[in-house]
Amino acid sequence: MGRHIYVHNPFCVRKCPYCDFYSITDRSCAEAYYDAAVKEARFWADFDKKHGSSGDNGPDTVYFGGGTPSCVPEELVCGLLEEITASFGIGSDAEITLEVNPASFSKEKGKKYLSSGFNRLSMGIQSLNDGVLKTLGRLHDSKGAIKALNEAFEAGFANISVDFITGVPGQDMEMILEGLKTVIDMGVKHVSTYSLSIEENTPFYDLYKDSIEDLLTPETERGMYHMVRRFLRANGIIPYEISNSSIPGFESRHNTAYWDGADYYAVGAGAHGYLNSVRFGHEDNVESYIKCACAIKENDILKLLGYANATPDSIEGFLYCEERLTLEDKMREYPFLKLRTSKGIDTAEFYSRYGKRFEEVYKNVLESNTGKGLLAVEGQRIFLTSKGLDLANLVMEDFL
Ligand code: SF4
(Lines give C-alpha, C1' and ligand atoms only; values in the text may rest on other atoms or scores of the structure.)
Protein backbone atom coordinates (compact mmCIF):
# COMPACT_ATOMS: atom_id res chain seq x y z
CA MET A 1 0.00 0.00 0.00
CA GLY A 2 3.03 2.25 0.21
CA ARG A 3 3.34 5.14 2.61
CA HIS A 4 2.73 8.85 2.47
CA ILE A 5 3.51 12.15 4.16
CA TYR A 6 1.13 14.91 5.23
CA VAL A 7 2.56 18.29 6.27
CA HIS A 8 0.38 20.86 8.00
CA ASN A 9 0.90 24.59 7.64
CA PRO A 10 -1.25 26.16 10.37
CA PHE A 11 -0.98 29.77 9.17
CA CYS A 12 -3.65 31.79 7.34
CA VAL A 13 -3.84 35.49 6.50
CA ARG A 14 -7.34 35.78 7.90
CA LYS A 15 -9.81 33.33 9.34
CA CYS A 16 -12.70 32.53 6.98
CA PRO A 17 -16.03 32.75 8.85
CA TYR A 18 -17.08 29.17 8.01
CA CYS A 19 -13.77 27.46 8.80
CA ASP A 20 -13.26 25.23 11.81
CA PHE A 21 -9.82 23.85 10.80
CA TYR A 22 -6.93 24.55 13.08
CA SER A 23 -5.21 27.69 11.76
CA ILE A 24 -3.80 30.89 13.21
CA THR A 25 -3.27 34.33 11.71
CA ASP A 26 -0.16 35.36 13.67
CA ARG A 27 2.66 34.37 11.33
CA SER A 28 5.49 35.81 13.42
CA CYS A 29 6.68 32.35 14.43
CA ALA A 30 6.50 30.84 10.92
CA GLU A 31 10.27 30.54 10.65
CA ALA A 32 10.63 28.81 14.00
CA TYR A 33 7.70 26.57 13.08
CA TYR A 34 9.26 25.48 9.79
CA ASP A 35 12.61 24.89 11.54
CA ALA A 36 10.80 22.60 13.96
CA ALA A 37 8.99 20.88 11.08
CA VAL A 38 12.35 20.19 9.40
CA LYS A 39 13.47 18.52 12.63
CA GLU A 40 10.32 16.45 12.83
CA ALA A 41 10.63 15.46 9.15
CA ARG A 42 14.22 14.30 9.77
CA PHE A 43 13.03 12.26 12.71
CA TRP A 44 10.36 10.49 10.61
CA ALA A 45 12.82 9.93 7.75
CA ASP A 46 15.14 8.17 10.15
CA PHE A 47 12.18 6.25 11.55
CA ASP A 48 11.15 5.32 7.99
CA LYS A 49 14.55 3.77 7.35
CA LYS A 50 14.12 1.56 10.41
CA HIS A 51 10.40 0.80 10.23
CA GLY A 52 9.18 1.80 6.74
CA SER A 53 6.83 -0.76 5.27
CA SER A 54 8.86 -1.35 2.10
CA GLY A 55 12.50 -0.48 1.46
CA ASP A 56 11.74 1.00 -1.96
CA ASN A 57 11.67 4.51 -3.39
CA GLY A 58 10.39 6.11 -0.21
CA PRO A 59 6.88 7.50 0.33
CA ASP A 60 4.66 7.72 -2.78
CA THR A 61 3.04 11.06 -2.05
CA VAL A 62 3.69 14.22 -0.06
CA TYR A 63 0.89 16.69 0.66
CA PHE A 64 1.36 20.17 2.13
CA GLY A 65 -2.04 21.32 3.40
CA GLY A 66 -3.38 23.89 5.77
CA GLY A 67 -4.14 26.51 6.68
CA THR A 68 -2.61 28.36 3.78
CA PRO A 69 0.90 27.16 2.90
CA SER A 70 1.24 29.92 0.28
CA CYS A 71 0.88 32.67 2.90
CA VAL A 72 4.31 32.05 4.45
CA PRO A 73 7.59 32.84 2.65
CA GLU A 74 8.06 30.28 -0.12
CA GLU A 75 11.65 29.67 1.04
CA LEU A 76 10.25 28.03 4.18
CA VAL A 77 7.86 25.76 2.31
CA CYS A 78 10.41 24.86 -0.39
CA GLY A 79 13.16 24.32 2.22
CA LEU A 80 10.97 21.87 4.14
CA LEU A 81 10.06 19.96 0.99
CA GLU A 82 13.71 19.74 -0.08
CA GLU A 83 14.57 18.38 3.36
CA ILE A 84 11.78 15.80 3.12
CA THR A 85 12.77 14.77 -0.40
CA ALA A 86 16.42 14.31 0.54
CA SER A 87 15.95 12.66 3.92
CA PHE A 88 13.16 10.25 2.91
CA GLY A 89 14.66 9.61 -0.53
CA ILE A 90 11.42 10.53 -2.31
CA GLY A 91 11.37 9.10 -5.86
CA SER A 92 10.93 11.22 -8.99
CA ASP A 93 7.52 9.69 -9.67
CA ALA A 94 6.04 10.77 -6.32
CA GLU A 95 2.97 13.01 -6.33
CA ILE A 96 3.85 16.16 -4.36
CA THR A 97 0.95 18.54 -3.75
CA LEU A 98 0.82 22.04 -2.34
CA GLU A 99 -2.38 23.78 -1.28
CA VAL A 100 -2.39 27.43 -2.32
CA ASN A 101 -4.74 30.35 -1.92
CA PRO A 102 -5.31 32.59 -4.97
CA ALA A 103 -4.74 35.68 -2.79
CA SER A 104 -1.21 34.66 -1.82
CA PHE A 105 -0.08 32.98 -5.02
CA SER A 106 2.02 34.43 -7.83
CA LYS A 107 3.81 33.13 -10.92
CA GLU A 108 7.20 33.78 -9.26
CA LYS A 109 6.19 31.74 -6.21
CA GLY A 110 4.82 29.03 -8.50
CA LYS A 111 8.16 28.71 -10.28
CA LYS A 112 9.97 28.34 -6.97
CA TYR A 113 7.49 25.72 -5.76
CA LEU A 114 7.92 23.80 -8.99
CA SER A 115 11.69 23.85 -8.92
CA SER A 116 11.77 22.66 -5.30
CA GLY A 117 9.81 19.55 -6.32
CA PHE A 118 6.08 20.27 -6.01
CA ASN A 119 4.34 18.84 -9.07
CA ARG A 120 0.68 19.33 -8.19
CA LEU A 121 -1.23 22.38 -6.91
CA SER A 122 -4.53 22.42 -5.10
CA MET A 123 -6.02 25.90 -5.31
CA GLY A 124 -8.80 27.02 -2.96
CA ILE A 125 -10.90 28.95 -5.49
CA GLN A 126 -14.28 28.04 -3.87
CA SER A 127 -16.36 30.09 -6.34
CA LEU A 128 -15.99 32.45 -9.27
CA ASN A 129 -18.94 34.58 -8.22
CA ASP A 130 -17.96 37.75 -6.37
CA GLY A 131 -21.11 37.80 -4.20
CA VAL A 132 -20.50 34.22 -3.07
CA LEU A 133 -16.81 34.90 -2.40
CA LYS A 134 -17.82 37.88 -0.30
CA THR A 135 -20.31 35.82 1.69
CA LEU A 136 -17.56 33.25 2.28
CA GLY A 137 -15.23 36.02 3.50
CA ARG A 138 -12.54 34.98 1.05
CA LEU A 139 -9.58 37.25 0.39
CA HIS A 140 -9.81 36.96 -3.41
CA ASP A 141 -12.43 37.93 -5.97
CA SER A 142 -13.17 36.07 -9.19
CA LYS A 143 -10.66 38.12 -11.20
CA GLY A 144 -7.95 37.34 -8.66
CA ALA A 145 -8.77 33.63 -8.76
CA ILE A 146 -8.59 33.48 -12.56
CA LYS A 147 -5.32 35.42 -12.53
CA ALA A 148 -3.81 33.07 -9.94
CA LEU A 149 -4.92 30.00 -11.89
CA ASN A 150 -3.47 31.42 -15.11
CA GLU A 151 -0.21 32.17 -13.34
CA ALA A 152 -0.05 28.64 -11.95
CA PHE A 153 -0.23 27.26 -15.49
CA GLU A 154 2.28 29.85 -16.72
CA ALA A 155 4.66 28.88 -13.91
CA GLY A 156 4.67 25.38 -15.39
CA PHE A 157 2.19 23.37 -13.29
CA ALA A 158 0.31 20.91 -15.46
CA ASN A 159 -1.50 19.07 -12.68
CA ILE A 160 -3.81 21.54 -10.94
CA SER A 161 -6.80 20.82 -8.75
CA VAL A 162 -9.35 23.39 -7.59
CA ASP A 163 -11.74 23.39 -4.64
CA PHE A 164 -15.30 24.65 -4.99
CA ILE A 165 -17.93 25.12 -2.27
CA THR A 166 -21.61 24.56 -2.95
CA GLY A 167 -24.65 25.36 -0.87
CA VAL A 168 -23.53 28.89 0.04
CA PRO A 169 -26.39 31.24 1.00
CA GLY A 170 -27.30 33.27 -2.10
CA GLN A 171 -25.59 30.87 -4.51
CA ASP A 172 -27.53 29.29 -7.36
CA MET A 173 -26.81 26.46 -9.75
CA GLU A 174 -25.90 28.74 -12.63
CA MET A 175 -23.17 30.41 -10.55
CA ILE A 176 -21.64 27.04 -9.71
CA LEU A 177 -21.73 25.62 -13.22
CA GLU A 178 -20.42 28.84 -14.77
CA GLY A 179 -17.44 28.78 -12.38
CA LEU A 180 -16.76 25.12 -13.04
CA LYS A 181 -16.96 25.63 -16.80
CA THR A 182 -14.40 28.43 -16.59
CA VAL A 183 -11.82 26.40 -14.66
CA ILE A 184 -12.37 23.30 -16.82
CA ASP A 185 -11.85 25.37 -19.97
CA MET A 186 -8.65 26.73 -18.44
CA GLY A 187 -7.33 23.17 -18.14
CA VAL A 188 -7.65 22.02 -14.50
CA LYS A 189 -7.30 18.27 -14.12
CA HIS A 190 -9.09 17.75 -10.83
CA VAL A 191 -12.03 19.34 -9.02
CA SER A 192 -13.05 18.91 -5.37
CA THR A 193 -16.54 20.12 -4.49
CA TYR A 194 -17.70 20.42 -0.91
CA SER A 195 -21.13 21.30 0.41
CA LEU A 196 -20.86 24.14 2.91
CA SER A 197 -21.33 22.76 6.38
CA ILE A 198 -22.17 25.05 9.23
CA GLU A 199 -19.82 24.12 12.07
CA GLU A 200 -20.17 25.11 15.70
CA ASN A 201 -17.71 27.69 17.02
CA THR A 202 -17.59 29.57 13.72
CA PRO A 203 -19.14 32.98 12.91
CA PHE A 204 -21.26 31.19 10.25
CA TYR A 205 -22.85 29.10 12.98
CA ASP A 206 -24.14 32.18 14.78
CA LEU A 207 -25.30 33.67 11.48
CA TYR A 208 -26.97 30.67 9.87
CA LYS A 209 -27.60 27.95 12.45
CA ASP A 210 -31.33 28.64 12.57
CA SER A 211 -31.87 29.52 8.93
CA ILE A 212 -29.64 27.28 6.85
CA GLU A 213 -32.41 24.80 6.09
CA ASP A 214 -34.70 27.65 4.96
CA LEU A 215 -31.96 29.05 2.74
CA LEU A 216 -31.14 25.66 1.29
CA THR A 217 -33.38 22.66 1.81
CA PRO A 218 -31.70 19.23 1.93
CA GLU A 219 -33.55 18.40 -1.32
CA THR A 220 -32.07 21.45 -3.10
CA GLU A 221 -28.61 20.68 -1.72
CA ARG A 222 -28.83 17.08 -3.01
CA GLY A 223 -30.14 18.30 -6.36
CA MET A 224 -27.12 20.62 -6.62
CA TYR A 225 -24.77 17.79 -5.69
CA HIS A 226 -26.02 15.50 -8.46
CA MET A 227 -26.18 18.26 -11.04
CA VAL A 228 -22.54 19.19 -10.31
CA ARG A 229 -21.47 15.56 -10.74
CA ARG A 230 -23.39 15.22 -14.00
CA PHE A 231 -21.92 18.48 -15.28
CA LEU A 232 -18.36 17.48 -14.40
CA ARG A 233 -18.80 14.06 -15.99
CA ALA A 234 -20.20 15.60 -19.17
CA ASN A 235 -17.08 17.78 -19.31
CA GLY A 236 -14.64 14.90 -18.92
CA ILE A 237 -13.97 15.39 -15.18
CA ILE A 238 -15.16 12.07 -13.83
CA PRO A 239 -16.36 11.71 -10.21
CA TYR A 240 -14.25 9.07 -8.48
CA GLU A 241 -15.17 9.79 -4.88
CA ILE A 242 -17.98 11.51 -2.95
CA SER A 243 -16.36 14.97 -3.27
CA ASN A 244 -13.64 14.46 -5.87
CA SER A 245 -13.59 14.28 -9.66
CA SER A 246 -10.79 14.28 -12.20
CA ILE A 247 -9.68 13.64 -15.72
CA PRO A 248 -8.93 9.89 -15.65
CA GLY A 249 -5.34 9.37 -14.51
CA PHE A 250 -5.32 12.57 -12.44
CA GLU A 251 -7.09 11.24 -9.34
CA SER A 252 -5.38 12.41 -6.13
CA ARG A 253 -2.97 9.62 -5.24
CA HIS A 254 -2.56 11.06 -1.76
CA ASN A 255 -6.25 11.03 -0.89
CA THR A 256 -6.72 7.65 -2.53
CA ALA A 257 -4.12 6.34 -0.09
CA TYR A 258 -6.26 7.51 2.86
CA TRP A 259 -9.27 5.60 1.52
CA ASP A 260 -7.05 2.61 1.02
CA GLY A 261 -5.99 2.60 4.68
CA ALA A 262 -2.31 3.24 3.84
CA ASP A 263 0.32 4.40 6.33
CA TYR A 264 1.13 8.07 6.47
CA TYR A 265 3.50 10.25 8.41
CA ALA A 266 2.25 13.55 9.79
CA VAL A 267 4.42 16.63 10.21
CA GLY A 268 3.28 19.80 11.95
CA ALA A 269 0.86 21.10 14.57
CA GLY A 270 -2.63 19.73 13.96
CA ALA A 271 -1.39 17.10 11.46
CA HIS A 272 -2.80 13.59 11.72
CA GLY A 273 -1.10 10.34 10.74
CA TYR A 274 -1.50 6.58 10.68
CA LEU A 275 1.32 4.13 11.39
CA ASN A 276 1.53 0.59 12.71
CA SER A 277 -2.29 0.48 12.95
CA VAL A 278 -2.27 3.54 15.23
CA ARG A 279 -4.13 6.67 14.28
CA PHE A 280 -2.44 9.65 15.90
CA GLY A 281 -2.63 13.43 15.86
CA HIS A 282 -0.48 16.41 16.74
CA GLU A 283 -1.80 18.86 19.30
CA ASP A 284 -3.34 22.00 17.77
CA ASN A 285 -0.75 24.26 19.34
CA VAL A 286 2.03 25.91 17.38
CA GLU A 287 4.03 27.03 20.41
CA SER A 288 4.18 23.66 22.08
CA TYR A 289 4.78 22.02 18.68
CA ILE A 290 7.91 24.13 18.15
CA LYS A 291 9.20 23.17 21.57
CA CYS A 292 8.42 19.47 21.30
CA ALA A 293 9.45 18.89 17.66
CA CYS A 294 12.89 20.19 18.53
CA ALA A 295 13.28 17.59 21.27
CA ILE A 296 11.65 14.40 20.00
CA LYS A 297 12.56 11.30 21.97
CA GLU A 298 12.46 8.25 19.73
CA ASN A 299 11.52 5.96 22.57
CA ASP A 300 8.41 7.99 23.40
CA ILE A 301 7.21 7.74 19.81
CA LEU A 302 7.95 4.02 19.64
CA LYS A 303 5.87 3.51 22.76
CA LEU A 304 2.98 5.64 21.56
CA LEU A 305 2.91 3.83 18.21
CA GLY A 306 2.97 0.43 19.85
CA TYR A 307 6.49 -0.64 18.80
CA ALA A 308 7.49 -0.90 22.45
CA ASN A 309 5.56 -2.44 25.32
CA ALA A 310 4.17 0.62 27.06
CA THR A 311 1.47 2.35 25.01
CA PRO A 312 0.87 5.78 26.53
CA ASP A 313 -1.99 7.78 25.06
CA SER A 314 -0.05 10.99 24.58
CA ILE A 315 3.26 12.81 24.54
CA GLU A 316 2.40 16.02 26.32
CA GLY A 317 1.98 19.05 24.07
CA PHE A 318 2.95 17.11 20.96
CA LEU A 319 1.25 13.87 19.94
CA TYR A 320 -1.73 11.87 21.07
CA CYS A 321 -3.08 8.50 20.11
CA GLU A 322 -6.56 8.69 18.60
CA GLU A 323 -7.16 5.01 18.05
CA ARG A 324 -5.32 1.70 18.03
CA LEU A 325 -6.94 -0.46 15.37
CA THR A 326 -7.26 -4.21 15.71
CA LEU A 327 -7.70 -6.43 12.67
CA GLU A 328 -11.43 -6.47 13.46
CA ASP A 329 -11.50 -2.66 13.53
CA LYS A 330 -9.77 -2.50 10.16
CA MET A 331 -12.18 -4.97 8.71
CA ARG A 332 -15.09 -2.85 9.93
CA GLU A 333 -13.49 0.30 8.59
CA TYR A 334 -12.77 -1.14 5.15
CA PRO A 335 -16.28 -0.64 3.74
CA PHE A 336 -16.53 2.75 5.44
CA LEU A 337 -13.48 4.04 3.57
CA LYS A 338 -14.02 2.22 0.29
CA LEU A 339 -17.63 3.22 -0.16
CA ARG A 340 -16.50 6.83 -0.47
CA THR A 341 -14.96 5.90 -3.81
CA SER A 342 -16.72 5.11 -7.08
CA LYS A 343 -14.77 1.86 -7.36
CA GLY A 344 -16.21 0.89 -4.01
CA ILE A 345 -15.51 -2.33 -2.14
CA ASP A 346 -13.39 -4.99 -3.80
CA THR A 347 -14.45 -8.29 -2.28
CA ALA A 348 -11.31 -10.09 -3.56
CA GLU A 349 -9.10 -7.45 -1.95
CA PHE A 350 -11.09 -7.78 1.29
CA TYR A 351 -10.49 -11.53 1.28
CA SER A 352 -6.76 -11.15 0.63
CA ARG A 353 -6.46 -8.63 3.48
CA TYR A 354 -8.63 -10.27 6.11
CA GLY A 355 -9.03 -13.89 5.03
CA LYS A 356 -12.82 -13.66 5.19
CA ARG A 357 -15.53 -13.42 2.57
CA PHE A 358 -17.08 -9.95 2.55
CA GLU A 359 -20.48 -11.31 1.51
CA GLU A 360 -20.52 -13.57 4.58
CA VAL A 361 -19.20 -11.08 7.14
CA TYR A 362 -21.68 -8.40 6.05
CA LYS A 363 -24.49 -10.58 4.73
CA ASN A 364 -27.35 -8.77 6.49
CA VAL A 365 -26.12 -5.21 5.91
CA LEU A 366 -25.45 -6.01 2.28
CA GLU A 367 -28.86 -7.55 1.71
CA SER A 368 -30.71 -4.75 3.40
CA ASN A 369 -28.87 -1.95 1.54
CA THR A 370 -29.01 -3.61 -1.88
CA GLY A 371 -32.70 -4.29 -1.21
CA LYS A 372 -33.27 -0.58 -0.60
CA GLY A 373 -31.42 0.30 -3.81
CA LEU A 374 -28.60 2.05 -1.92
CA LEU A 375 -25.82 -0.39 -2.88
CA ALA A 376 -25.13 -2.12 -6.17
CA VAL A 377 -23.08 -5.27 -6.80
CA GLU A 378 -21.15 -5.82 -10.02
CA GLY A 379 -18.88 -8.86 -9.99
CA GLN A 380 -16.46 -8.36 -7.08
CA ARG A 381 -17.35 -4.64 -6.78
CA ILE A 382 -19.88 -3.21 -4.33
CA PHE A 383 -20.60 0.49 -4.57
CA LEU A 384 -23.09 3.22 -3.68
CA THR A 385 -25.89 3.83 -6.18
CA SER A 386 -26.96 7.37 -7.01
CA LYS A 387 -29.66 7.02 -4.33
CA GLY A 388 -27.05 5.59 -1.96
CA LEU A 389 -24.83 8.65 -2.43
CA ASP A 390 -27.55 10.77 -0.81
CA LEU A 391 -27.60 8.50 2.23
CA ALA A 392 -23.89 7.61 2.17
CA ASN A 393 -23.34 8.27 5.86
CA LEU A 394 -26.22 6.02 6.90
CA VAL A 395 -25.07 3.20 4.63
CA MET A 396 -21.48 3.46 5.87
CA GLU A 397 -22.55 3.55 9.51
CA ASP A 398 -24.49 0.37 8.91
CA PHE A 399 -21.20 -1.44 8.38
CA LEU A 400 -19.58 -0.11 11.55
S1 SF4 B 1 -7.96 29.87 4.09
FE2 SF4 B 1 -8.70 27.76 4.41
S3 SF4 B 1 -7.76 27.07 6.33
FE4 SF4 B 1 -7.50 29.31 6.24
S5 SF4 B 1 -9.25 30.08 7.39
FE6 SF4 B 1 -9.89 30.04 5.22
S7 SF4 B 1 -10.87 28.02 4.92
FE8 SF4 B 1 -9.72 27.95 6.87
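Remember, predicted model here, so these are calculated numbers, not experimental data. (Residues numbered from 1 in each chain as written. Predicted model: local features only at pLDDT ≥ 70, side-chain atom pairs only at ≥ 80, totals over all residues. Heavy atoms only, no water.)

Observations concerning the domain arrangement of the chain
- In terms of domains, the chain is made up of domain 1 (3–257) and domain 2 (327–399).
- A straight line from the C-alpha centre of domain 1 to that of domain 2 covers 29 Å.
- Taken together, the contacts link nine residues of domain 1 with eight residues of domain 2.
- Between domain 1 and domain 2 the total buried area reaches about 720 Å² when both faces are included, carbon and sulfur atoms providing 47% of it.
- Looking at the side of domain 1 facing domain 2, the largest losses of area belong to His226, Glu241 and Ile242, adding up to 58% of the total buried there.
- Where domain 1 touches domain 2, the interface holds two salt bridges.
- Between Arg222 and Asp390 there is a salt bridge, with the nearest N and O atoms lying 3.0 Å from each other.
- Per-element tally for the side of domain 1 that touches domain 2: the top contributor is helix α9 (residues 218–234), with four residues.
- Taken together, the residues that form the side of domain 1 that touches domain 2 break down as four nonpolar, two polar and three charged. (Domains from an automatic or database assignment. Contact = heavy atoms within 4.5 Å. Buried area = accessible area lost by both parts, 1.4 Å probe. Salt bridge = Lys/Arg side-chain N within 4 Å of Asp/Glu carboxyl O. Helix = DSSP H or I, 4+ residues; strand = E, 2+ residues; numbered from the N terminus. Nonpolar A, V, L, I, M, F, W, Y, C, P; charged D, E, K, R; others polar.)

Some details on the pairing of strand β1 (residues 3–9)
- The buried fraction of β1 is high, at seven of seven residues.
- With six bridges joining them, β1 and strand β2 (residues 61–66) adopt parallel strand pairing. Within β2, the position partnered with Asn9 by the bridge is Gly66. (Buried < 20%, exposed > 50% of the residue type's maximum accessible area, 1.4 Å probe, protein only. Pairing = 2+ DSSP bridges.)

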